[in-house]
Amino acid sequence: MKVIGYSDELSAFPGDQVNFYVSCDTERYRADLVKLIHGDTNPDGPGFKIEPVASVRQRRRPGRVQAVYAGSHVLVDDHPRLRRGAEFTLQVLICPTMPTKPEGYWRPGAQGLVTKWDGAREAGYGLFIGEDGCLEAWLGDGQGNVQRTSSGKPLLGGCWYLAAMSVGGGDVTLYQEPIVTHANGRFALASSLESTTAVVTEEAGATPPADNAAPFVMAGFVERLTDEPVGVVVAGHYNGKLDRPRAHGAALGREQIGLQIERPHGPTLVAAWNFQEEITRHGIRETRRITDVSANRLHGRTVNVPTRAVTGYNWGAREQNFIHAPEQYGAIHFHDDDLDDVRWEVDFALTVPDDLPSGLYAGRLRADDDTDYVPFYVRPRRGEEKRICFLAPTASYMAYANDHVTLWAPLAQLFVARAPVLWEGNIVLSGRRELGLSTYDVHSDGSGVAYSTRLRPILNMRPGFRHWLSPSLWQFNADLHLIDWLITMGYEFDVVTDQDLHHEGVEVIRPYRVVLTGSHPEYYSEQMLDHLHAYVEGGGRLMYMGANGFYWVINYDPENKNVIEVRKGHGSNAWRCGPGEFHLSFTGEYGTLWRHRGRAPQRLVGVGFGSEGFDVSSYYRRTEDGADGSLAWMFEGIGDDEKIGDFGLVGDGAAGLELDVYEPNLGTPPEAVIAATSEDHTDIYLEVLEELYFNVPGTGGSQNARVRGDIVYFPTPNGGAVWSASSIAYCGALSHNNYDNNVSQLTKNVLDRFAADEPAPLAAERTAVGVGAEGAQERRGGGA
């Protein structure tokens, strides 16, 4: 792509300023503002729809390329006490997860552990992992003399080691010693330990210069200083954990080094960084601070969100929550592909016009024949809210941001007899790993991606992007199906983001008579859930327009609203946390699924994730409860025996991809009624992992009655109500036949009733426990 960009704000009021950051490899580009309406280019639908905003003039701007510097590390500012020369000791506990790199790796070369190394001058000192996977001690005088002392014994991935270099008396001694306990080691025989243990002494062939002003770096080394916003360009990023780094102004022996691990002390102590110092009972107090507990207070700061709240060298496997045993969580896991902000310079700023209606907009960037869109939402002025609100699931957009699962997905699609999605945008994205990962990716070392940031170009959060998971669109683009329908049907509505809900509370949605979710609001914080519950319990009406919502526990970085965290496990997940690492570093709360926290989606919207399958979609039929006279308002204009949604842009049906199901045992309210349920799903559709206790035959769509999506309705206190579509594919059917279809009619009936002042209708006295659920199972021919 010739031009890409991002903005500093995702949600803004009229009159607010939004800054845009652009990288362009042509001499000039054009920028204007457009309203996004429909992003699906499928020829069976209404097509790509955007509207230029006439009040914002298009401008031509000079292009420039802005670099991305991925990889996490710690920076400690230069200090005279760190400018060591002929006598010093460095030590750190390390657990390398990628001690050697495969041929053709995207970031080859040595990995810095703890370094004060100026790469431009080849001056300074530090502990490194060489390209052969062996521990190395480097000394450089900046005059061309560089000494690299190697242990000669490759490090074993996933094993903890004491790594140290002691310089004095004209010699350098390198220590590489595995530290194995019942919880952290991989060795069984003493001979295995010996094969990776080393003590090497050599004559020091270079003395670090006294003018080495490079910052002290953990998990990398300084390549160069720059005037770019990043300030320091770090290379040689390390993959693995570091714990308890120490620096001393004297040459220590092995016994003295060992004593400094847990009790750093003595007159020669220069710095002792304890990563666990920031841990409090509410999580990590300052997520980017690194505390030096020595008298010198040479504190550092993390860059690009390395993973915190991870087990250290001394974790005993008894305590699972880092806030209860901070001394066992003194490690940080660094990755060479971490990213929290690309740190570009601002190219231009936009003041949101005072008269711009609430909606979804984008800065449109055009260079030659390439176009990029940088989306953001405009909120209504306070006190001028309409009756209808679309609650944009931006945390879920961030969770999927720039995912690279296209590398294996096309093969999976062929297995389900579906033509693989090989859209150009997927191919471009797969080659832009430096733009950061999604929470569906794994890092270079195979560990899961726990953090995702919005401060970067997000290439799959663009109109027109076709995602590998969907026969059509997914997440951001799929929600444009709903936005397009609301606009085409003439509804006046506002847009608020779930990020606004998290940070500002229920007051951001309280003015609305009805709130509509997106098609896949999967990632939710405790604050979001609390506020949405408060809205419904206070008389608000909620239309849940998708499926697999309110599923993963997330939270926001307390120091950066643009970064989220998730810890995955116990569900349908792309990766699983390591033992003892299931709690969010930002808050200390238990992560994974909300259902494992006692807050299954059924408690809020009556349904929860039950099955998935990524081939063709199906349709719904009304249940006996749905045919009851008390729900006649919902199905007005729809025949009793009509198949509802046997069409659509997402798999040719309204019920597909991921489906939610009614489940009283997980909290579906007793007042809830299954008004319609889907049927005739293929055997590619299976129950989700968290519903299975054993792997047994008969869990496919043609055999299992629980493979279905349930359209559920129930009234709530104070005149409120909830209606759930229970399918990610649902909104893709709204535009069929020029918006004249039974899915559009059903949605209109519910929205009109919910937006009205009249009380929400009560359901039939006989509940879905007896009629809807069992009836659905009978029609499907029983099931497991």
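Let's talk about the confidence of the model for the protein chain
Alright, step 1. Looking at the protein chain, the pLDDT average stands at 91 and 92% of residues meet or exceed 70.
Alright, step 2. Segment residues 407-423: pLDDT under 50, and 31 contacts once partners within four positions in sequence are set aside and those in other chains are kept.
Alright, step 3. In this model, residues 766-784 is a region of pLDDT below 50 whose contacts with residues beyond four sequence positions or in other chains number 52 contacts.

Focus: helix H8 (residues 526-537)
Alright, step 1. For H8, which comprises 12 residues, the first-to-last C-alpha distance of 16 Å matches the rise-based estimate of 16 Å (1.5 Å per residue) to within 8%.
Alright, step 2. Residues Met528, Leu529, His531, Leu532, His533, Tyr535 and Val536 constitute the buried set of H8.
Alright, step 3. Directly after H8, the chain includes glycine 539, whose backbone phi takes a positive value near 105°.

Points about the layout of surface pockets
Alright, step 1. A volume near 510 Å³ is recorded for the second largest pocket.
Alright, step 2. Taken together, 26 residues form the lining of the second largest pocket, with Lys241, Thr311, His333, Gly578 and Glu581 sitting closest to its centre.
Alright, step 3. Residue composition of the lining of the second largest pocket, by class: 9 nonpolar, 12 polar and 5 charged.

Comments concerning the sheet that holds strand S37 (residues 560-566)
Alright, step 1. With mixed pairing, 4 strands are arranged side by side in an open sheet as S31-S37-S36-S34. Since the sheet does not close on itself, it has two edges, and those belong to strand S31 (451-453) and strand S34 (523-525), each with one partner. Direction aside, the axes of adjacent strands within the sheet are offset by 40° on average.
Alright, step 2. With 3 bridges joining them, S31 and S37 adopt antiparallel strand pairing. What sits directly across from tyrosine 451, in S37, is glutamate 565.
Alright, step 3. Where H8 meets the sheet, its contacts fall on S34 and strand S36 (552-557), and the angle it forms with S34 comes to roughly 80°.

Structural notes on the sheet that holds strand S27 (residues 348-351)
Alright, step 1. Taken together, the 3 strands give an open sheet; going across it, the order is S1-S3-S27, and neighbouring strands pair in antiparallel fashion. Only two strands of the sheet have a single partner each, and these edge strands are strand S1 (3-7) and S27. For this sheet, the mean inter-axis angle between neighbouring strands, taken without regard to orientation, is 30°.
Alright, step 2. Here S1 pairs with strand S3 (residues 17-24) via 5 bridges, running antiparallel. Looking at the pairing, glycine 5 lines up with valine 22 of S3.

Quick notes on the rules
Residues numbered from 1 in each chain as written. Predicted model: local features only at pLDDT ≥ 70, side-chain atom pairs only at ≥ 80, totals over all residues. Heavy atoms only, no water. pLDDT = per-residue confidence, 0-100. Contact = heavy atoms within 4.5 Å. Helix = DSSP H or I, 4+ residues; strand = E, 2+ residues; numbered from the N terminus. Expected span 1.5 Å × (residues − 1). Buried < 20%, exposed > 50% of the residue type's maximum accessible area, 1.4 Å probe, protein only. 1 Å grid on protein atoms, 1.4 Å probe; cavity = no way out; pocket = protein on both sides within 12 Å on 5 of 7 lines; lining within 4 Å. Points joined across faces, edges and corners; volume = space filled by probe spheres on them. Nonpolar A, V, L, I, M, F, W, Y, C, P; charged D, E, K, R; others polar. Pairing = 2+ DSSP bridges. Axes fitted to C-alpha atoms, helices over the stretch in contact; angles between N-to-C directions.

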